[in-house]
Amino acid sequence: MDGDPGSTYTRGRLCAKGYSYTRSVYSPDRIKYPMRQKGRGSGNWQRISWDEAYTEIAQTILNIKKQYGSTLPVCLNKYSGNFDIMHYGIEGMLTSIGNTTRATGTPCWPAGIDAQTFDFGTIVCNDPEDIVNSKYLIIWGANPAWCSVHSMYFVKEAQRRGCKIVAIDPLLSQTASKADLYIQIKTSTDGALALGMARYILDNDLYDGDWLAKNSKGAEEFFGYLKNNITLAWAAEKTGVPQHVIETLAREYATTKPANIWIGYGMQRHTNGGQNVRAIDALAAMTGNIGKSGGGAQYAQLETWGFNYHAMIQKKPENSGGSGDRAININNFGAEVLNAKEPPIKMLWIACRGPITQDPETAVVKKAFEAMDLVVTADMFMNPTVEMSDIVLPITTTFETPGVNVSYWHYWMSLNEQAIKPMFEAKNDVTIAMELSAKLNQLEKGSCTYPTSGDLAEWVGKEFNDGIHKQFGISGWQDLKKGPAKAKGSLVAWQDGKFRTPSGKYEFWSDEARKYGHYPLPVYVEEMKPESKYPLRCISPHWKLNIHSQFQNLDWMDTVNNAPCLEIHPSLAAKYGIRERDSVKMFNDIGYIVLPAKISELVPPDTVAVYEAWYKGKKFNVNYTVKAIPADMGKKATGSPGIAFHDNFVNIQKV
Amino acid sequence: MLQNLRCEDIAQMAERFQLYNLLRQYFHNNSLTEQQIEDLLTVSSQVAGNSQEMAEGICLLRHTRQYPESEAEYEYNTLFVGPGKLLAPPFESYYRNAERTLMQRETMAVRAFYTRLGLACERLNSTPDDHLATELEFVCYLHAKAGRFLEKGMLEQACLFLELYREFFNAHLKNWIAEHCQDVLRQARTSLCRGMALIMLGFFRQEELRLELSKEGFPWIINGPTQDEHLLKGQQDQLRQ
């Protein structure tokens with residue numbers, strides 16, 4: 001297992017997670033066969049054949065349709081477990097049976113997406129390899145040293161070439177440790193810092209009036225807002241960052257060209273997260289750093305995702321009932337499943353997801369699972385979601401199936417060629433869709449429109465179109481067999497000045513934002529504050545050895561670390577009489593977890609940090625304490641608001 | 001004299017074949033019928049000798065007449081099938097490779113052994129070649145071949161298969177079955193899973209000793225084992241008989 005040196009982004013290297021792939025494909029603990037659990041959560045599993053699995057699933061779907069007049073009681077929860085385009089076949093399969101209920105939205109990044117959609121029209125970032133051209137780089141609420149190690153090469157290279165690296169984060173992260181300047185900010189007050197900086201830039205005439213005149217809408221209104229509402233003293237008090245630091249930061253940022261801001265997903269997981277991103281975007285715009293190599297306000301991009309979605313786009317069978325799919329909020333999944341009426345939800349299909357470890361309000365999610373007639377989960381390993389399923393289907397790893405992958409950060413595309421036969425009885429999502437379709441049609445002709453056969457490698461080819469060929473400079477998808485390809489142009493976001501907002505300009509003033517219930521300007525929305533009963537903020541950021549529920553269960557990761565902990569500042573620990581490795585109960589009104597304390601000055605004194613992860617064989621799950629509080633934005637671009645994961649207020653006690 | 005020895009060994013070999021075959025079915029089919037348990041009890045008693053483990057296993061198995069009973073089936077799956085972390089993975093490489101993963105060097109060595117006889121796994125590259133059910137099936141195959149040659153009085157050919165069995169046993173089965181059975185015994189509660197593990201543990205210990213004692217050659221062979229393997233060339237029998 002190694003990286004492809006043909007990619008100038010990875011430069012032939014993998015991250016720890018990538019190197020550990022071999023530990024899943026040949027793990028003796030993989031899910032090997034379709035199995036049925038007698039009693040959800042009982043652990044009493046029977047091995048069944050694929051045919052038995054398909055028959056039970058198909059019969060349940062057909063019975064539901066007969067009883068309720070549509071397949072709306074069938075609900076799909078599928079998301080980011082594997083973003084290989086072929087996995088969208090599972091959405092296609094659900095479409096093929098009729099109208100269904102869909103967990104809609106994204107848990108990770110919706111508030112930021114909406115913010116940039118209001119400002120720019122959509123999310124587009126510069127090619128991350130372009131970071132080397134930056135002269136000033138603020139990494140704001142992101143920890144690439146853990147979560148985007150390939151990007152760190154470009155950060156360090158920029159630094160070597162004289163770029164000043166500033167890290168802004170409530171946590172003194174690994175990335176912050178490598179920065180030239182670290183600014184510890186009070187969690188969720190990022191917008192106040194950005195607006196304070198903006199006020200300084202405005203007052204000192206450091207903004208780019210020409211750029212604003214040519215490219216923006218609402219700059220005057222924004223400046224008016226700054227003058228009337230924002231002071232540096234206020235920003236300093238709000239953020240905990242001394243005023244002179246804000247001034248220096250603002251001056252350096254505005255006067256060093258090109259200056260770049262990398263906006264992390266962590267800082268938008270708040271009830272004011274989207275507004276905070278809009279305020280940061282405004283900084284980049286007012287200084288004329290948008291559309292510049294080495295500049296920008298980098299969040300993410302979906303520019304390279306122009307596939308046909310051939311596996312996904314399917315016709316619904318005629319007269320299958322219902323007037324359209326029903327969307328429920330993926331970020332309040334448990335409650336929305338339980339609350340769905342007319343018709344109720346009776347069956348869940350889980351793919352590429354682990355709701356019981358990853359969703360907020362775990363106890364509610366479990367109740368939703370308990371209320372179902374049938375829960376089907378396609379997965380690679382036993383985990384708490386599989387534990388609460390009736391049927392588990394063994395799913396292929398990346399090595400065992402063809403596919404194609406792009407990124408929402410870099411601009412490369414890679415063909416995934418099948419390297420080995422699927423181990424045991426594992427199958428790809430598209431194969432499952434085809435075979436289930438055959439079973440449904442066998443039991444009731446015309447009940448499923450999904451094709452019942454097809455060559456998977458050819459299906460990968462069917463995802464491509466002329467637009468993709470042109471964008472990547474390839475004559476056909478087979479060209480990718482020679483190696484990965486990078487998009488040929490548009491690698492500097494908004495260089496053409498053609499913003500995709502209603503006005504075609506960068507919008508400080510966004511009527512679209514107002515339409516969605518937000519203030520039209522990037523304003524400061526008060527951060528959530530603790531109540532006296534739960535005085536501490538708990539943030540649950542990404543851990544370095546996993547992606548959500550994946551990877552931490554593998555033996556290599558387990559060897560490095562197999563114990564979650566509560567990171568707590570020494571002063572806070574002293575207040576609660578907590579010493580290193582003491583067992584601590586962290587609780588609020590919805591749940592609790594017990595875990596050992598790790599005393600650390602890397603966390604602020606008023607905040608505890610518990611990295612989100614699923615540890616094999618451990619009862620740990622921080623989401624037992626996380627409420628499904630919506631972030632402020634996300635509805636426009638993703639269908640549902642995000643989750644304010646980091647607005648989790650708790651109390652602690654030594655136990 | 002030769003005739004008497006041969007008769008005795010054909011009978012013993014048939015017993016071994018029968019036991020291996022029942023063990024194979026246990027690991028291959030995830031279940032044993034009542035009749036198979038009866039047969040297992042009979043044949044185990046015949047080969048048990050002084051084995052304390054086998055005696056204990058037989059005793060436990062006598063309490064398991066209604067298999068598949070659900071409790072034993074669920075336990076069997078937690079030990080050998082999944083979907084959770086296996087408590088006693090039935091794969092040689094898990095026990096013998098430091099990586100404790102599947103499809104490792106040991107798996108390929110088993111594959112190479114099968115290939116010497118023109119054999120290949122039905123689910124090649126999907127089910128590891130060193131799955132216990134497959135290794136047991138291979139041993140059954142070797143016994144069946146040896147038995148057929150013995151019946152026909154073709155001693156040298158029979159000997160060749162018995163030597164192959166000894167070689168396979170020593171190179172593979174011997175090196176992991178005991179640990180595997182101990183894993184089962186540490187975790188299992190049902191009389192079926194415990195009983196089977198004890199019978200297997202006792203039988204393999206006994207077999208190891210027997211093969212050690214007969215390493216100078218099997219007694220019915222006057223001229224010793226032949227190196228001539230031409231009978232095997234072009235053998236395309238699949239493992240499943």
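No experiment lies behind these values; they were computed from the predicted model shown. (Residues numbered from 1 in each chain as written. Chains lettered and ligands numbered in written order. Predicted model: local features only at pLDDT ≥ 70, side-chain atom pairs only at ≥ 80, totals over all residues. Heavy atoms only, no water.)

Colleague: Tell me about the overall build of chain A, and please be specific about residues and values.
Modeller: When helices and strands are counted, chain A shows 25 helices and 24 strands. Scaling as 2.2 N^0.38, a compact globule of 655 residues should have a C-alpha radius of gyration of about 26 Å, and chain A matches this with 25 Å. Its C-alpha atoms give chain A principal-axis dimensions of roughly 75 × 65 × 50 Å. Looking at chain A residue by residue over its 655 residues, the buried ones come to 64%. When the accessible surface of chain A is split by element, carbon and sulfur atoms take 49% of a total near 23600 Å². Charge centroids of chain A, computed over 70 positive and 68 negative side chains, lie 2 Å from each other. (Helix = DSSP H or I, 4+ residues; strand = E, 2+ residues; numbered from the N terminus. Rg over C-alpha atoms; globule rule 2.2 N^0.38 Å. Buried < 20%, exposed > 50% of the residue type's maximum accessible area, 1.4 Å probe, protein only. Areas by Shrake-Rupley, 256 points an atom, 1.4 Å probe, with all protein chains shown as cover. Lys, Arg positive; Asp, Glu negative; His and termini not counted. Charge placed at Lys NZ, Arg CZ, Asp CG, Glu CD.)

Colleague: Help me get a handle on the overall build of chain B, residues and values and all.
Modeller: The secondary structure content of chain B amounts to 10 helices and zero strands. Overall, chain B shows an N-to-C arrangement of helices and strands of α-α-α-α-α-α-α-α-α-α. For chain B, the residues scored as buried account for 57% of the 241 residues in total. For chain B, restricting intrachain contacts to residue pairs at least 6 apart in sequence, the fraction spanning at least 24 positions comes to 72%. When the accessible area of chain B is evaluated, it comes to approximately 10400 Å², of which 48% is carbon and sulfur surface. (Contact = heavy atoms within 4.5 Å.)

Colleague: Which residues make up the side chain of Glu106(B), and what values do they have?
Modeller: Residue and element names in this part refer to chain B. Along the chain, glutamate 106 falls in helix 6 (residues 105–116). As a buried residue without a salt bridge, glutamate 106 has its nearest oppositely charged side chain in arginine 105, at a separation of 4.4 Å. Those residues in contact with glutamate 106 that lie beyond four places of it in its chain are Glu92, Ser93, Arg96, Asn97, Asp130 and His172. (Salt bridge = Lys/Arg side-chain N within 4 Å of Asp/Glu carboxyl O.)

Colleague: An account of the sheet that holds strand 9 (residues 259–263) of chain A is needed here, citing residue identities and associated values.
Modeller: Where strands meet in a sheet, backbone hydrogen bonds hold them as pairs that are either parallel or antiparallel. Residues and elements named next belong to chain A. Spatial strand order, 7-6-5-9-10: five strands in an open sheet with parallel pairing. The sheet is open, and its two borders are formed by strand 7 (181–184) and strand 10 (296–298), each paired with just one other strand. When strand polarity is set aside, the average angle formed by the axes of neighbouring strands in this sheet is 15 degrees. Contacts from helix 9 (residues 190–203) reach strand 5 (136–140) and strand 6 (164–169), with the element oriented near 155 degrees to strand 5. (Pairing = 2+ DSSP bridges. Axes fitted to C-alpha atoms, helices over the stretch in contact; angles between N-to-C directions.)

Colleague: I'd like a description of the interface of chain A and chain B, backed by residues and values.
Modeller: Interface size is commonly expressed as the accessible surface area that is lost when the partners come together. Facing the 24 residues of chain A at the interface are 25 residues of chain B. For the chain A and chain B pair, buried surface summed over both sides reaches about 2100 Å², with 57% attributable to carbon and sulfur atoms. Broken down residue by residue, the surface that chain A buries against chain B is led by Tyr26(A), Pro28(A) and Phe424(A), which jointly contribute 27%. The partner of Asp29(A) in a salt bridge is Lys85(B), and the shortest N-O contact between them spans 3.5 Å. The interface formed by chain A and chain B contains nine residue pairs in polar contact (both at pLDDT 80 or more). Of all elements in the fold, only strand 2 (45–47) and helix 23 (555–560) of chain A reach the threshold of two or more residues within the side of chain A that touches chain B. In terms of residue class, the side of chain A that touches chain B is made up of 12 nonpolar, three polar and nine charged. (Buried area = accessible area lost by both parts, 1.4 Å probe. Polar contact = N/O pair within 3.5 Å; in protein donor to acceptor, adjacent residues only side chain to side chain. Nonpolar A, V, L, I, M, F, W, Y, C, P; charged D, E, K, R; others polar.)

Colleague: Describe the sheet that holds strand 16 (residues 412–416) of chain A, and please don't skip the residues or the numbers.
Modeller: Residue and element names in this part refer to chain A. With respect to topology, three strands assemble into an open sheet ordered 15-16-17, the strand pairing being antiparallel. Strands at the two margins of the open sheet, each flanked by one partner only, are strand 15 (403–406) and strand 17 (485–486). Pairing of strand 16 with strand 17, which is carried by two bridges, proceeds in the antiparallel orientation. Its bridge partner lying in strand 17, tryptophan 412 is registered against lysine 486.

Colleague: Lay out the nonpolar core with the relevant residues and their values.
Modeller: The biggest cluster of nonpolar side chains holds 199 residues, and the ones touching the most others in it are Trp140(A) and Trp349(A). At nine residues, the largest contribution of residues to this core is made by helix 9 of chain A. Among residues more than four places away in sequence, those in contact with Trp349(A) are Ile57(A), Cys75(A), Leu76(A), Asn77(A), Ile90(A), Met93(A), Val376(A), Leu393(A), Ile432(A) and Leu436(A). Formed by 82 residues, the second largest nonpolar core is a distinct cluster that contains Leu150(B), Leu160(B), Leu201(B) and Leu211(B). (Core = buried A, V, L, I, M, F, W, Y, C linked by side-chain atoms within 4.5 Å.)

Colleague: Now, about the pairing of strand 21 (residues 583–588) of chain A: what can you tell me, with residues and values included?
Modeller: All names here are of chain A. Burial along strand 21 is one-sided: Val584, Met586 and Asn588 are buried, while Ser583, Lys585 and Phe587, pointing the other way, are not. In this sheet, strand 22 (residues 591–599) lies alongside strand 21 in antiparallel orientation, the contact comprising six bridges. Residue pairing in the sheet places valine 584 in a bridge with leucine 595 of strand 22. Linking two consecutive strands that pair antiparallel, namely strand 21 and strand 22, is a turn of two residues.

Colleague: Report on the pairing of strand 9 of chain A, specifying residues and quantitative values.
Modeller: Residue and element names in this part refer to chain A. With five of its five residues buried, strand 9 lies for the most part within the structure. One ladder, built from three bridges, connects strand 9 with strand 10; its direction is parallel. In the sheet register, tryptophan 262 faces strand 10, and the bridge partner there is glutamine 298.

Colleague: Just give me the short version of helix 9 of chain A, but keep the residues and values in it.
Modeller: When the terminal C-alpha atoms of helix 9 of chain A are compared, their 20 Å separation across 14 residues agrees well with the 20 Å that a helix rising 1.5 Å per residue should span. Just downstream of helix 9 of chain A, Asp205(A) is the residue with a positive phi angle, here 55 degrees. (Expected span 1.5 Å × (residues − 1).)

Colleague: Report on the side chain of Ser93(B), specifying residues and quantitative values.
Modeller: Residues and elements named next belong to chain B. For serine 93, the location among the structural elements is in helix 5 (residues 92–96). Using a relative accessible area of 0% as the deciding quantity, one classes serine 93 as buried. Those residues within four positions of serine 93 in sequence are excluded, and the remaining contacts are Arg100, Thr101, Leu102, Met103, Gln104, Glu106, Thr107 and Asp130.

Colleague: Talk me through the pattern of salt bridges; I want residue IDs and the actual numbers.
Modeller: Residues and elements named next belong to chain A. According to the stated counting rule, one finds 45 salt bridges over all chains in the structure shown. Across the pair arginine 36 and glutamate 56 runs a salt bridge, and its minimum N-O distance is 2.8 Å. In this pair, arginine 36 sits in strand 1 (residues 35–37) while glutamate 56 sits in helix 3 (residues 50–68), placing the two residues 20 residues apart along the sequence. Residue arginine 36 is classed as buried on the basis of its relative accessible area of 18%. Since its relative accessible area comes to 23%, glutamate 56 is described here as partly exposed. Note that lysine 238 and glutamate 526 form a salt bridge whose closest N and O atoms lie 2.7 Å from each other. One end of the pair, lysine 238, is in helix 12 (residues 232–239); the other, glutamate 526, is in the loop between helix 22 (511–515) and strand 19 (536–539), and 288 residues separate them in sequence. Judged by its relative accessible area of 42%, glutamate 526 falls in the partly exposed class. Linked through salt bridges whose partners overlap, the residues forming this network are Lys238, Glu526, Glu527 and Lys529.

Colleague: Explain the packing of aromatic side chains to me, using residue names and the numbers behind them.
Modeller: This model, assessed by the stated rule, comprises 56 aromatic pairs over all chains. When the centroid spacing of 6.2 Å and the interplanar angle of 90 degrees are considered together, the rings of Phe83(A) and Tyr408(A) count as edge-to-face. In this pair, Phe83(A) is assigned in the loop between strand 3 (74–78) and helix 4 (89–97) and Tyr408(A) in the loop between strand 15 and strand 16, connecting sequence segments 325 residues apart. Taking the centre distance of 5.1 Å and the plane angle of 80 degrees together, the rings of Phe113(B) and Phe168(B) count as edge-to-face. Placement of the pair is Phe113(B) in helix 6 and Phe168(B) in helix 8 (residues 155–171), with a sequence separation of 55 residues. Each member of the pair Phe113(B) and Phe168(B) is classed as buried. Taken together, the ring pairs connect Phe120(A), Tyr207(A), Trp211(A), Phe222(A), Phe223(A), Trp494(A), Phe499(A), Tyr506(A) and Phe508(A) into an aromatic cluster. Residue placement shows Arg11(A) over the ring face of Tyr153(A); its charged tip is 3.5 Å from the ring centre. (Phe/Tyr/Trp six-rings, centres within 6.5 Å; stacked < 30°, edge-to-face > 60°. Lys NZ or Arg CZ within 6 Å of the ring centre and 35° of its normal.)

Colleague: Got a sec to walk through the packing of helix 9 (residues 177–187) of chain B against helix 10 (residues 191–213) of chain B? Specific residues and values, please.
Modeller: Residue and element names in this part refer to chain B. Helix 10 packs onto helix 9 with a crossing angle of 155 degrees between their chain directions and a minimal axis gap of 9 Å. Considered as vectors, helix 9 and helix 10 are oriented roughly antiparallel to each other. Here helix 9 runs over helix 10; the crossing is left-handed. Contact residues: Ile177, Ala178, His180, Cys181, Gln182, Val184 and Leu185 in helix 9; Cys193, Arg194, Ala197, Leu198, Met200, Leu201, Phe204 and Arg205 in helix 10. Residue classes in the contact of helix 9 with helix 10 are distributed as 11 nonpolar, two polar and two charged. (Parallel < 35°, antiparallel > 145°, perpendicular 65-115°, else oblique. Left-handed = near helix turned anticlockwise from the far one by under 90°.)

Honestly, that's just the spatial picture; any functional story needs more than this.
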